[in-house]
Amino acid sequence: MDSTILFQQNVKQEYELDICTLLETYEDSLTNSFMSCFDVAWKQFQLMQFSRLKGDLSYVCISFLRTGVLLNSAWFQLDFLDKKGWGNIEECSVEWDINPVSTVIYSHINYLDNSVQSAEQKDKVLITCAEKLVNNMASFTARLVANKKTYFPKVEFRYGCYMGEYRTI
Amino acid sequence: MKYFRLGQDDREDQYLTIKGLINLPCFQQIKQGDISGLPKSNSYMVVSSYSDKLPNILTNQLFMVTQDIFALIQLFLGEVDYRCMFLVNRRRNIEKFYYIPQLPLINCLSSQCKSNLDKSHFTKIVIKRERYPDIFRISNVKDRVIIISLPLAESILRRDIKGVQLEQIWLEE
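1. A few points about the overall build of chain B
Counting secondary structure elements, chain B contains three helices and 15 strands. Counting only C-alpha atoms, chain B reaches 50 × 35 × 35 Å along its principal axes. Relative to its 173 residues, chain B shows a buried fraction of 31%. If you take every contact in chain B between residues at least 6 apart in sequence, the share linking residues at least 24 apart comes to 69%.

2. Details of the overall build of chain A
On a plain count of helices and strands, chain A comes out with five helices and five strands. Moving toward the C terminus, one meets the helices and strands of chain A in the order α-α-β-α-β-β-α-α-β-β. By residue count, 28% of the 169 residues in chain A fall in the buried class. Considering only intrachain contacts with a sequence separation of at least 6, the fraction spanning at least 24 residues in chain A is 61%.

3. Thoughts on the environment of I62(A)
Residue and element names in this part refer to chain A. Its location among the elements puts I62 in strand β1 (residues 59-64). Considering only alpha carbons, one finds I62 and I98, 36 residues apart in sequence, at a separation of 13 Å. In this view, I62 contacts F76, L78, T141, R158 and Y159; residues no more than four positions away in its chain are not counted.

4. Quick notes on the interface of chain B and chain A
Listed as interface residues are 16 residues of chain B and, on the opposing side, 15 residues of chain A. Those elements that provide at least two residues to the side of chain B that touches chain A are α3 (150-158) and β14 (164-168) of chain B. The residue inventory of the side of chain B that touches chain A, partitioned by class, reads seven nonpolar, one polar and eight charged.

5. Section: helix α2 (residues 27-50) of chain A
Residues and elements named next belong to chain A. For α2, built from 24 residues, the straight-helix expectation of 34 Å at 1.5 Å per residue is met to within 8% by its first-to-last C-alpha distance of 34 Å. Inspection of α2 places L30, F34, F38, A41 and F45 among the buried residues, and these make up the whole buried set. Those residues of α2 that are buried lie in contact with β2 (76-81), β3 (93-96), α4 (99-111) and α5 (119-151).

6. Quick word on the pairing of β1(A)
Residue and element names in this part refer to chain A. Burial analysis of β1 places five of its six residues in the buried class, the great majority of the element. Note: β1 against β2, six bridges, orientation antiparallel. Among the inter-strand pairings, Y59 is bridged to a residue of β2, identified as L81.

7. Topic: the pairing of β2(A)
Residues and elements named next belong to chain A. Burial runs high along β2: six of the six residues are buried. Burial along β2 is two-sided: the residues F76, L78 and F80 and Q77, D79 and L81 are all buried. With four bridges connecting them, β2 and β3 associate as antiparallel partners. Bridge pairing in β3 links D79 to S93.

8. A short note on the packing of α4(A) against α5(A)
Residue and element names in this part refer to chain A. Between α4 and α5, whose axes approach to 11 Å, the crossing angle comes to 145°. Two packed elements cross with a definite hand, and for α4 against α5 that hand is right-handed. Two secondary-structure elements touch here, α4 through V101, I105 and I109 and α5 through K122, V125, L126, C129, A130 and L133.

9. Some thoughts on α4(A)
Residue and element names in this part refer to chain A. With 13 residues, α4 extends 18 Å from end C-alpha to end C-alpha; this agrees with the ideal 18 Å at 1.5 Å per step. Within α4, burial applies to V101, S102 and I105. For α4, the angular spread of buried residues about the axis comes to 95°, placing them on one side. Summarising the geometry of α4, the exposed residues directed more than 90 degrees from the buried face are T103, S107, N110 and Y111.

10. So, the sheet that holds strand β4 (residues 156-161) of chain A
All names here are of chain A. On the basis of which strands lie adjacent, the open sheet formed by five strands has the order β3-β2-β1-β4-β5 and mixed pairing. Each edge of the sheet is formed by a strand with only one pairing partner; in this case those strands are β3 and β5 (166-168). Across this sheet, the average inter-strand angle for adjacent strands is 25°, counted without regard to direction. Across three bridges, β4 lies against β5 in antiparallel orientation. Counted as the bridge partner of R158 is T168 from β5. In this fold α5 packs onto β1 and β4, with an angle of close to 165° to the strand it touches most, β4.

11. Considering the sheet that holds strand β12 (residues 135-138) of chain B
Residues and elements named next belong to chain B. Taken in spatial order, the five strands make up an open sheet running β8-β12-β13-β1-β14, and their pairing is mixed. Each end of this open sheet is capped by a strand with a single partner; those strands are β8 (105-106) and β14. In terms of strand pairing, β8 meets β12 through two bridges, oriented parallel. Looking at the pairing, I106 lines up with I138 of β12. Sheet contacts for α3: β1 (3-8), β12, β13 (146-149) and β14; angle to β13, the most-contacted strand, approximately 90°.

12. A few points about the confidence of the model for chain B
Residues and elements named next belong to chain B. Residues at a pLDDT of 70 or more form 94% of chain B, whose mean pLDDT is 85. Mean pLDDT across the elements of chain B ranges from a minimum in strand β3 (residues 45-49), with 69, to a maximum in β13, with 94. Predicted as a complex, the structure gets a pTM of 0.87 and an ipTM equal to 0.84.

Thresholds applied
Here the residue numbering is sequential within each chain, running from 1 through the sequence in written order. In the order they appear in the text, chains get letters beginning with A and ligands get numbers beginning with 1. For a predicted model such as this one, the threshold for reporting local features is a pLDDT of at least 70, and the threshold for listing and counting side-chain atom pairs is 80 or more; totals across whole chains, interfaces and linings nevertheless cover every residue. Runs of H or I in DSSP of at least four residues are treated as helices and runs of E of at least two as strands, each being numbered from the N terminus. Put plainly, a residue is buried at 20 or more neighbouring C-beta atoms within 10 Å of its own, exposed at 12 or fewer, and partly exposed in between, counting only other residues' C-beta atoms, which are placed from the backbone. Contact between two residues is assigned whenever their backbone-derived C-beta positions fall within 7 Å. Here the nonpolar group is Ala, Val, Leu, Ile, Met, Phe, Trp, Tyr, Cys and Pro; Asp, Glu, Lys and Arg are the charged ones; every other residue, Gly included, is treated as polar. Here the expected span of a helix is defined as 1.5 Å times the quantity of residues minus one. Strand pairing is assigned whenever DSSP identifies at least 2 bridges connecting the two strands. Here the axes come from fitting lines to C-alpha atoms, over the contacting stretch only for helices, and the angles between their N-to-C directions go from 0 to 180 degrees. The handedness criterion is simple: a crossing whose near helix is rotated anticlockwise from the far helix by less than a right angle is left-handed, and one whose near helix is rotated clockwise is right-handed. What the arc measures is the spread of directions leading from the helix axis to the C-beta atoms. The pLDDT value expresses, per residue, how confident the predictor is, ranging between 0 and 100.

As structure tokens, then:
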């Protein structure tokens, strides 16, 4: 069997266990960072509303950033959008730092570094792991958002790739 | 909005050189980012590479992209002027068709930038806080600095493109 496929299978097997337990382990930390992020973004949005740069809040998009994964910055971004959506020139976005979880994944990839044939392959494995985490985080994020929905009943909460495919949560 | 510098992946075995570019009559013009002097369709250029695959984006000598990236650029920028080039490496038996889009040239560097004196190498790129096109080239510098926006960077990465390197740049404080 091709060594690349074999390696990816090994990573897949390890991360099937790891990512699920990772989310459980760092649930509190992720919840806290999400809530503070949400509050910062909401305050920012209110200021923009006050300056008449934004209308009523219509969508909250929680977006996964592949650039964040590759450049070791924030993996998620919260965007507060009015009816104009992405068309509005003024942006209200805050980065959601999932630091404890992302650090574990980075260190795990570095640990597996010897088996990786090239830097490009390493990036691919990292993105694959991150995408898996993002899929697993959908239900977790939905639970986080459930609390906020009671305060924002008219707002649609979306989860997905930045300006890509979203699902309503 | 976040912006990134788009580059060619030079890590490990990805190194690649296009031979004979300097012989083109309008080479100096092309180096400055103006492709108007280049014929619409160019005969093939010979490539020397260590890899068996040609990347989707080339930036080191000329900014060239494959058809899928060019379609993406057109999606973000609209109709753009372009030239074509065919790259061949007979030794490794690989060939690829590339597009050379005419990118908008914008002089947007901030005084907070860190570079050498003739601006041929940047250690930290800072641009003025304005709204820019989703892809453009910084004008009046020796280095080939191509900047893309976050939406375009994410679109490129979603498409599993090979040989791309991104570097975050900063907006003026």
